[in-house]
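# Examining the three-dimensional arrangement
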Amino acid sequence: MNNISVIGSGTMGNGIAHIFAQHGYQVALIDISQDALQRALATIGKNLDRQLAKEKITEDDKTTTLNNISTYTDISEGVKNADLVVEAATENFEIKKQIFETMDAHAPDQAILSTNTSSISITKIAAVTKRPEKVIGMHFMNPVPVMKLVEVIRGYATTDETTRLVMETSKKLQKVPVEVNDYPGFVANRILMPMINEAIYSLFEGVAGVEEIDTVMKLGMAHPMGPLQLADFIGLDVCLSILHVLHDGFGNPKYAPCPLLVNMVTAGFKGVKTGEGFYKYTPGSKDLVVSPQFK
């Protein structure tokens, strides 16, 4: 397995392209926008510079990594030589459905089709293809170049051989793959999102303030980031989407999203990506400032 296609050049996609290219794979990075692809290459360059400054890589490593990445705006062209495709587009089933139908039609018959989805059913995605046995989840964690975990999710029809190849490939990226089965939220988000939702409920019900809730979890549970700050980092819209998947998938009211989260997303306060969520974010500043509406 040498040729990797990555669909989507956003935060997750460019991180995934970065680690594959850094480990010697030939990467086709695909997006509908040439501008988005150029931004992705710039981000990868900056992240490589950080590794260079920490003496984790050499200048030659940086040059080789960037040279291992080619960009495409046409999926059919970008996947035609792929051994493995990693889809990292928007967390929306209809979008993923269209992408997987195109991938399936144009990728080589032996290619494995994977998705970086954080919650959408692998079985449901695989069902739109003619190769469900070769469809699997590769759920990388953000930031991809730093975080070690890859959640490897087997769909109902995913074969042992497909799983073995993806587990082996993940290890070659110096990641730690963990095999899980295809149920709503998998493992990571089935546990994480109810915690985040409960933190939002604690704020909504006046149990404590933003900083107080995050401090309890950081100092009391040794979390590197409090749940409200983490929600901002993930994106409140993404958190809401995953909670809907859990609620719909299990039909259990314990997964119902907090009304405060629903209102914030509806109003456009989605966290870091919009500049404000539970905290307010100023470009160039690392200070953590609680959003004025929660003071």
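A quick note: this is a predicted structure, and the numbers were derived from the prediction, not measured.

### Observations concerning the sheet that holds strand β1 (residues 3-7)
Read from one edge to the other, the open sheet built from eight strands follows the order β3-β2-β1-β4-β5-β6-β7-β8, with strand pairing classed as mixed. Only two strands of the sheet have a single neighbouring strand rather than two, namely β3 (69-72) and β8 (176-181). Across the sheet, the mean angle from the axis of one strand to that of its neighbour is 25°, orientation sign disregarded. Across three bridges, the pairing between strand β5 (residues 112-115) and strand β6 (residues 135-140) is parallel. Each bridged residue has a counterpart across the sheet, and for threonine 115 the counterpart in β6 is glycine 137.

### Looking at the UniProt feature "domain: 3-hydroxyacyl-CoA dehydrogenase NAD binding" (unreviewed entry) in the chain
Within the UniProt annotation, "domain: 3-hydroxyacyl-CoA dehydrogenase NAD binding" (unreviewed entry) is assigned to residues 4-182. When the span residues 4-182 is considered, its composition is 43% helix and 22% strand, and the gap between its end C-alpha atoms is 24 Å.

### Comments concerning helix α1 (residues 11-22)
The first and last C-alpha atoms of α1 sit 17 Å apart over twelve residues, in line with the 16 Å expected at 1.5 Å per residue. Burial analysis of α1 places ten of its twelve residues in the buried class, the great majority of the element. Glycine 24 sits one or two residues past α1 and shows a positive phi near 90°.

### As for the side chain of asparagine 189
Mapping asparagine 189 onto the fold places it in helix α8 (residues 188-204). Exposure remark for asparagine 189: the relative accessible area of 5% places this residue in the buried category. What asparagine 189 contacts, discounting residues up to four positions off in sequence, is Ser118, His139, Pro194, Ile242 and Leu246.

### Let's talk about a positive patch on the surface
A surface patch of like charges, here positive, comprises Lys46, Arg50, Lys54, Lys56, Lys148 and Lys286. Here lysine 46 is to be found in helix α2 (residues 34-53).

### What to know about the nonpolar core
If you look at the biggest cluster of nonpolar residues, it comprises 30 residues, and the most contacted ones within it are Ile16, Phe20, Val27, Val86 and Phe140. Where this core is concerned, the elements lending two or more residues are β1, α1, β2 (26-30), α2, β4 (84-87), β6, β7 (149-154) and α7 (160-172). Sorting elements by how many residues they give to this core places α1 first, with six residues. Those residues in contact with valine 27 that lie beyond four places of it in its chain are Ile4, Val6, Ala17, Phe20, Ala21, Asn68, Ile69 and Ser70.

### Comments concerning unusual backbone geometry
Note the cis peptide between asparagine 142 and proline 143, where omega equals 0°. Relative to the helices and strands, proline 143 is located in the loop between β6 and β7. The residue phenylalanine 186 is not glycine, and still its phi comes out positive at about 55°. Following the sequence through the fold, phenylalanine 186 ends up in the loop between β8 and α8. When its relative accessible area of 4% is taken as the criterion, phenylalanine 186 is described as buried. For alanine 222, which is not a glycine, the phi torsion comes out positive at approximately 60°. The residue alanine 222 is located in the loop between α9 (210-221) and α10 (227-234) in this model. Residue classification places alanine 222 among the exposed positions, given a relative accessible area of 64%.

Calculation criteria
- Residues numbered from 1 in each chain as written.
- Predicted model: local features only at pLDDT ≥ 70, side-chain atom pairs only at ≥ 80, totals over all residues.
- Heavy atoms only, no water.
- Pairing = 2+ DSSP bridges.
- Helix = DSSP H or I, 4+ residues; strand = E, 2+ residues; numbered from the N terminus.
- Axes fitted to C-alpha atoms, helices over the stretch in contact; angles between N-to-C directions.
- UniProt positions renumbered as here; feature names shortened; annotations may be inferred.
- Expected span 1.5 Å × (residues − 1).
- Buried < 20%, exposed > 50% of the residue type's maximum accessible area, 1.4 Å probe, protein only.
- Contact = heavy atoms within 4.5 Å.
- Patch = residues over 30% accessible without salt bridge, like charges linked within 9 Å, V, L, I, M, F, W, Y side chains within 5 Å.
- Areas by Shrake-Rupley, 256 points an atom, 1.4 Å probe, with all protein chains shown as cover.
- Salt bridge = Lys/Arg side-chain N within 4 Å of Asp/Glu carboxyl O.
- Lys, Arg positive; Asp, Glu negative; His and termini not counted.
- Charge placed at Lys NZ, Arg CZ, Asp CG, Glu CD.
- Core = buried A, V, L, I, M, F, W, Y, C linked by side-chain atoms within 4.5 Å.

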